[in-house]
Amino acid sequence: MRLATWNVNSVKARLPRLLDWLETRQPDVLCLQELKVSAAQFPAAEVRALGYDAAVHGDGRWNGVAVLSRVGLADVRTGFDGDPGFPDEVTRETRAVSATCGGLRVWSIYVPNGRTPDDPHYNYKLLWLARLTEALEREPTPLAVCGDFNVAPTDDDVWDPAVFVGSTHVTKPERDALTTLRERRGLHDIVPRPLKGDRPFTYWDYRAGMFHQNKGMRIDLVYATDPVPSRVTDAYVDREARKGKGPSDHAPIVVDIDL
């Protein structure tokens, strides 16, 4: 199975690139984040023409997630029990969708950004991760949780730790939340290889030539339970998809698994 994840930063703006990427890379399962369209607006017909069924959770704002699969799509669930929502528990955002694809339970998630450590959105981020952890404990094995976690797990996952002091994405509570999530569900971090440089960054800011200088972050992650990690034959950041005209600010991660 070829499993991939990609924050496309607007599926409408990136549709030609997405369709071309699906044709050339041919993942069996692709998790998408930051769709910025409603479920009704998602280009289901276009991806279906390439052989993919789509499970979509979107409300047309800045969030939205999907799982595309050409190996089956069963037991689709949008959101999760206990999702805290923002600014209250009634207003739930479209940040998680899950489905069973070819015998693998797959989640596509888009973790809240957190904005700044003193913003209410930061506390929401921590609560969202805690509630996600509880939800994942109820999921079957094998399980893969993929997406934009908006957390760099270690200092090695940012181009210069000094630049991020006092910012979100690198604080101890965020990293502790990731550790708890992994340990409580028995998840392993499948670290991809970079196609350039010595660190597998997945996000580069649009500004100031950050991509060309490789000043990035690893905030898109693939977590999986046993036996998936031992059966990974390759995993890489598809940096080529970040190049050219009108790219997303994220690159896809591609994981090949001998299931």
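Because the structure is predicted, anything quoted here is derived from the model rather than measured.

## Thoughts on the packing of aromatic side chains
Okay, so step 1: Counted according to the given criterion, the structure contains six aromatic pairs.
Okay, so step 2: Three or more aromatic residues joined by ring pairs form one cluster here, namely F80, W107 and W128.
Okay, so step 3: A cation over an aromatic ring shows up here: R61 above the ring of W62, its NZ or CZ 5.0 Å from the ring centre.

## Some thoughts on helix α3 (residues 120-136)
Okay, so step 1: Taking 1.5 Å per residue as the helical rise, α3 with its 17 residues ought to reach 24 Å, and the 24 Å between its terminal C-alpha atoms agrees with that figure.
Okay, so step 2: Taken residue by residue, α3 has H121, Y122, Y124, K125, W128, L129, L132, T133, A135 and L136 as its buried positions.
Okay, so step 3: Its side-chain oxygen 2.7 Å from the backbone nitrogen of H121, D119 forms the N-cap of α3.

## Here's the deal with the side chain of N7
Okay, so step 1: Relative to the assigned elements, N7 resides in strand β1 (residues 2-7).
Okay, so step 2: At 3.0 Å, the side chain of N7 and the side chain of E34 are in polar contact.
Okay, so step 3: Among all residues touching N7, those that are not within four sequence positions of it are Q33, E34, Y110, D148, D220, S248 and H250.

## Observations regarding the pattern of salt bridges
Okay, so step 1: Enumeration over the complete set of coordinates arrives at 21 salt bridges.
Okay, so step 2: Linking R77 and E139 is a salt bridge whose minimum nitrogen-to-oxygen distance equals 3.0 Å. Taken together, the residues R77 in strand β5 (residues 74-78) and E139 in the loop between α3 and β8 (143-148) connect sequence positions 62 residues apart.
Okay, so step 3: For R77, a relative accessible area of 39% translates into the label partly exposed.
Okay, so step 4: Judged by relative accessible area, E139 falls into the buried class, the value being 6%.
Okay, so step 5: Between E174 and K125 there is a salt bridge whose closest N-O contact spans 2.5 Å. Of this pair, E174 sits in helix α4 (residues 172-185) while K125 is found in helix α3, placing the two residues 49 residues apart along the sequence. Each member of the pair, E174 as well as K125, carries the same accessibility label: buried.
Okay, so step 6: Within this structure, D75, R77, R105 and E139 form a network of salt bridges that share partners.

## Quick word on the UniProt feature "domain: Endonuclease/exonuclease/phosphatase" (unreviewed entry) in the protein chain
Okay, so step 1: Here, UniProt's "domain: Endonuclease/exonuclease/phosphatase" (unreviewed entry) annotation points to residues 4-250.
Okay, so step 2: Between the end C-alpha atoms of residues 4-250 there is a gap of 13 Å, over a span that is 19% helix and 23% strand.

## Topic: empty space enclosed by the protein
Okay, so step 1: Counted by the stated rule, this structure contains one cavity of 30 Å³ or more.
Okay, so step 2: Roughly 50 Å³ of internal volume is contained in the largest cavity.
Okay, so step 3: Forming the boundary of the largest cavity are P194, L195, K196, R199, P200, F201, W204, N214, V237 and R239.

## Observations concerning the side chain of E34
Okay, so step 1: Within the fold, E34 resides in the loop between β2 (29-33) and α2 (44-48).
Okay, so step 2: Beyond its immediate stretch of four places on either side in the chain, E34 contacts N7, V8, N9, S10, V11, W62, N63, G64 and Y110.

## Section: the sheet that holds strand β11 (residues 232-237)
Okay, so step 1: Reading across the sheet, the six strands line up as β3-β4-β2-β1-β12-β11 and stay open at both edges, with mixed pairing between neighbours. A strand with exactly one partner marks an edge of an open sheet, and here the two such strands are β3 (53-57) and β11. The sheet shows a mean angle of 10 degrees between the axes of neighbouring strands, taken without regard to direction.
Okay, so step 2: Bridging between β3 and strand β4 (residues 65-69) involves five bridges; their strand directions are antiparallel.

## Structural notes on the sheet that holds strand β6 (residues 96-101)
Okay, so step 1: The sheet built from six strands is open, its strands ordered β5-β6-β7-β8-β10-β9 with mixed pairing. Single-partner strands in this sheet number two, and they are β5 and β9 (188-189).
Okay, so step 2: In terms of strand pairing, β6 meets strand β7 (residues 104-110) through six bridges, oriented antiparallel. If you follow A96 over to β7, its bridge partner there is I109.
Okay, so step 3: Sitting on the sheet, α3 is in contact with β6, β7 and β8, with an inclination near 170 degrees to β7.
Okay, so step 4: Against the sheet, α4 touches β8, β9 and β10 (220-224), its axis set at about 20 degrees to β10.

Reading the values: rules and limits
- Residues numbered from 1 in each chain as written.
- Predicted model: local features only at pLDDT ≥ 70, side-chain atom pairs only at ≥ 80, totals over all residues.
- Heavy atoms only, no water.
- Phe/Tyr/Trp six-rings, centres within 6.5 Å; stacked < 30°, edge-to-face > 60°.
- Lys NZ or Arg CZ within 6 Å of the ring centre and 35° of its normal.
- Helix = DSSP H or I, 4+ residues; strand = E, 2+ residues; numbered from the N terminus.
- Expected span 1.5 Å × (residues − 1).
- Buried < 20%, exposed > 50% of the residue type's maximum accessible area, 1.4 Å probe, protein only.
- Polar contact = N/O pair within 3.5 Å; in protein donor to acceptor, adjacent residues only side chain to side chain.
- Contact = heavy atoms within 4.5 Å.
- Salt bridge = Lys/Arg side-chain N within 4 Å of Asp/Glu carboxyl O.
- UniProt positions renumbered as here; feature names shortened; annotations may be inferred.
- 1 Å grid on protein atoms, 1.4 Å probe; cavity = no way out; pocket = protein on both sides within 12 Å on 5 of 7 lines; lining within 4 Å.
- Points joined across faces, edges and corners; volume = space filled by probe spheres on them.
- Pairing = 2+ DSSP bridges.
- Axes fitted to C-alpha atoms, helices over the stretch in contact; angles between N-to-C directions.

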